[in-house]
Amino acid sequence: MKEVKIESKLYVFDNIEDTPEEIQNLMQLAIEARKNAYAPYSKFHVGAALLLDNGEIISGSNQENASYPSGLCAERTAIFYAGAKYPKATILKMAITAASQNQKTNKPIPPCGACRQSIAEYESKQDKAIEIYFMGEIGHVMKSNSLANLLPFGFDSSNL
Ligand code: THU
């Protein structure tokens, strides 16, 4: 038997002001999008903004449903819309922010497993990594150079 080690690298910024200006702007749009979250059940508001290579920015927020599993996360709302509206564009960067109505979200909120799987599909589709930045409402911002760091050993079309 052999041991297989998988390494993931992420970066941490102390706060949003420490990130490049382009990311501050993208995160600001994610914050704006977060305000449009429809989250009456979880009270957890998430916003995501995507920068495309055609200069367009697509944002989304979580949209919940009384039938809980019918709702959708912010990241997938945004990335599916980007895929639907600009199918030929390459997604370069993604900013994610989350804020709870119950307490101050002061640590970075990473995309859930289902969103990671969905974002991974777009990295495969466009054959280019997506830079991902995520934070809570305040505090540290984490950066991953690719979704692959967040979903090591993922399932993709090469497994079919
Ligand atoms: N949520 C997101 O929008 N993105 C994530 O990656 C994690 C969870 C949403 C789904 C649900 O509306 C609420 O946050 C609580 O799980």
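Peer 1: Sorry if this is basic, but what is going on with the pairing of strand E5 (residues 131-135) here?
Peer 2: Looking along a regular strand, one sees side chains alternate from face to face of the sheet. In terms of burial, E5 is a largely internal element, five of the five residues being buried. Neither face of E5 is open: one carries Glu-131, Tyr-133 and Met-135, the other Ile-132 and Phe-134, and all of them are buried. The parallel pair strand E4 (residues 91-100) and E5, bridged by helix H3 (residues 113-126), forms a crossover whose chirality is right-handed. Pairing of E5 with strand E6 (residues 141-144), which is carried by four bridges, proceeds in the antiparallel orientation. When the sheet's bridge partners are listed, Ile-132 is paired in E6 with Ser-144. Here E5 folds back onto E6, and the loop between the two strands holds five residues, one of which, Gly-139, carries a positive phi near 95°.

Peer 1: Can you help me understand the pattern of salt bridges in this one?
Peer 2: Pairs can form between side chains of opposite charge whenever their charged atoms are close. Applying the stated rule across the entire model yields four salt bridges. The shortest N-O distance in the salt bridge between Glu-22 and Lys-93 comes to 3.7 Å. A residue pair is termed long-range when its members are at least 10 positions apart, and Glu-22 in helix H1 (residues 21-34) and Lys-93 in strand E4 qualify at 71 residues. Under the relative-accessibility criterion, Glu-22 is labelled partly exposed at 42%. Glu-137 is paired through a salt bridge with Lys-104; the nearest N and O atoms lie 3.3 Å apart. Here the residue Glu-137 occupies a position in the loop between E5 and E6, and Lys-104 occupies one in the loop between E4 and H3, the gap between them amounting to 33 residues. Using a relative accessible area of 24% as the deciding quantity, one classes Glu-137 as partly exposed. Here the residues in one salt-bridge network are Glu-22, Lys-93 and Glu-131, joined through shared partners.

What counts and what doesn't
- Residues numbered from 1 in each chain as written.
- Predicted model: local features only at pLDDT ≥ 70, side-chain atom pairs only at ≥ 80, totals over all residues.
- Heavy atoms only, no water.
- Buried < 20%, exposed > 50% of the residue type's maximum accessible area, 1.4 Å probe, protein only.
- Helix = DSSP H or I, 4+ residues; strand = E, 2+ residues; numbered from the N terminus.
- Right-handed = clockwise from strand over helix to strand, strands pointing away.
- Pairing = 2+ DSSP bridges.
- Salt bridge = Lys/Arg side-chain N within 4 Å of Asp/Glu carboxyl O.

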